[in-house]
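A look at the structure
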Amino acid sequence: MSLIEVKNLKTVFGDKVVHDGVNLSVQEGEIYGLLGPSGCGKTTLLREIVMLQEFHGGSVKVLGKKIETLTTDEILSLKRQWGVLFQFGALFSSLTIAENIALPLVEYTELSRSMIDEIVRFKINLVGLKTEDGDLYPSQISGGMRKKAGLARALALDPKLLFLDEPTSGLDPISAREFDSLILDLRQMLNLTIVMVSHDLRSIYDTLDRIAIIDDKKIAFEGSLDEIDTLQNEFVKTFFRQKL
């Protein structure tokens, strides 16, 4: 079952065409990667799918809803069904880790303060942080902990979909592999469908079920990593032939 379908998507910035006829589909339960050379529009596509950026042609369907046709109330309802981890965590520096994670629950639910606090503690522990870490501010924790805190916030509303933008970027190799394992565990525990933008070759091979390679404004390849050798593409030759 497809949870995300992108059809003939077009994106234009001024006189620059970024996407011109992008087509892809993300199946329920898989970890799906958006790959491609720098500047090809991977993060732009992710932002368009989560309605943080407008596109200029085509259609995007998420969880059975065409996002370009939704009312404001329908948009808010749909956004509660996914979580997003931005590249640098995007935590609010003036809030503690616990307050950052609680924010979606405060804004989008009518739960009691005690229930929100209980959920926050659970999410903190779920991503491998300690309960007492919730009292710290983003400036007081490591980059890896900030990623985990951002992930906990993305999971606050028990989403069906999780979007990750370069989740291992800036992490040391041990922390990066630990984060990969966490993503795999969370997918299984929470029945998540995950869409990830990544340049981390090890992470790509360790976590992704299928990939879409964006090149020359379109999807140059969509499929499993086992099939990648069949593609004659300059990005593939220079990137995937470095396979560990």
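Structure first, text after, so check above.
Every value quoted in this text rests on a predicted model; they were computed, and no experiment measured them.

Its 14 residues place the ends of helix H4 (residues 113–126) 20 Å apart at the C-alpha level, agreeing with the 20 Å of an ideal helix rising 1.5 Å per residue. Considered for burial, the residues of H4 that qualify are Ile116, Val120, Lys123, Ile124 and Leu126. Seen along its axis, H4 keeps its buried residues to an arc of 155 degrees; they face one direction. Looking at the buried positions of H4, the neighbouring elements they touch are helix H3 (97–108), helix H5 (143–154) and helix H6 (173–190). Within two residues after H4, Gly128 carries a phi angle of roughly 90 degrees, on the positive side.

Following the sequence through the fold, His19 ends up in strand S2 (residues 16–27). Given the relative accessible area of 0%, His19 is considered buried. Looking at His19, its side chain comes within polar contact range of the side chain of Thr11, at 2.8 Å. In terms of polar contacts, His19 uses its side chain to reach the backbone carbonyl oxygen of Gly41, at 3.0 Å. Residues within four places of His19 in sequence aside, it is in contact with Leu9, Lys10, Thr11, Cys40, Gly41, Thr44, Leu45, Glu48, Ile214 and Lys217.

Within the largest apolar cluster, 45 residues are counted, with the highest numbers of intra-cluster contacts made by Leu151, Ile211, Ile213 and Phe240. The dominant element in this core, judged by the number of residues it contributes, is H6, at five residues. For Ile213, the residues in contact, after removing those within four places along its chain, are Leu35, Gly36, Lys218, Ile219, Ala220, Phe221, Ile228, Leu231, Phe235, Val236 and Phe240.

With respect to topology, four strands assemble into an open sheet ordered S2-S1-S4-S5, the strand pairing being antiparallel. A single partner strand is all that each edge strand has here, and the edge strands are S2 and strand S5 (65–66). Here five bridges tie strand S1 (residues 2–13) to strand S4 (residues 57–62), and the two strands are oriented antiparallel to one another. The residue of S4 that forms the bridge with Lys7 is Ser59. Its contacts with the sheet place helix H1 (residues 42–49) against S1, S2 and S4, and it is angled at close to 120 degrees to S1.

Below, the discussion takes up the packing of aromatic side chains. Ring pairs (aromatic) are described by centroid distance and by the angle formed between their planes. Applying the stated criterion across every chain yields a total of one aromatic pair. Where Trp82 meets Phe163, the ring centres are 6.0 Å apart and the plane angle is 85 degrees; that geometry is what we call edge-to-face. Of the two residues, Trp82 sits in strand S6 (residues 82–85) while Phe163 sits in strand S7 (residues 161–165), which places them 81 residues apart along the sequence. On the basis of relative accessible area, Trp82 is assigned to the buried category, the value being 8%. On the basis of relative accessible area, Phe163 is assigned to the buried category, the value being 0%.

Bringing the sheet that holds strand S10 (residues 218–223) into the picture now. Pairing within the open sheet is mixed, and its six strands lie in the order S6-S7-S8-S3-S9-S10. Taken across any chain shown, the strands that pair with only one partner, and hence form the sheet edges, are S6 and S10. Sheet twist, expressed as the mean angle between neighbouring strand axes with direction ignored, is 15 degrees. Sheet topology note: the strand S9 (residues 210–215)/S10 ladder contains five bridges and is antiparallel. Bridge pairing in S10 links Ile211 to Gly223. This element, H5, spans S6 and S7 of the sheet and lies at about 165 degrees to S6. Contacts from H6 reach strand S3 (31–35), S6, S7 and strand S8 (193–197) within the one sheet, and its direction differs from that of S3 by about 135 degrees.

Rules of the game
Residues numbered from 1 in each chain as written. Predicted model: local features only at pLDDT ≥ 70, side-chain atom pairs only at ≥ 80, totals over all residues. Heavy atoms only, no water. Helix = DSSP H or I, 4+ residues; strand = E, 2+ residues; numbered from the N terminus. Expected span 1.5 Å × (residues − 1). Buried < 20%, exposed > 50% of the residue type's maximum accessible area, 1.4 Å probe, protein only. Arc of directions from axis to C-beta. Contact = heavy atoms within 4.5 Å. Polar contact = N/O pair within 3.5 Å; in protein donor to acceptor, adjacent residues only side chain to side chain. Core = buried A, V, L, I, M, F, W, Y, C linked by side-chain atoms within 4.5 Å. Pairing = 2+ DSSP bridges. Axes fitted to C-alpha atoms, helices over the stretch in contact; angles between N-to-C directions. Phe/Tyr/Trp six-rings, centres within 6.5 Å; stacked < 30°, edge-to-face > 60°.

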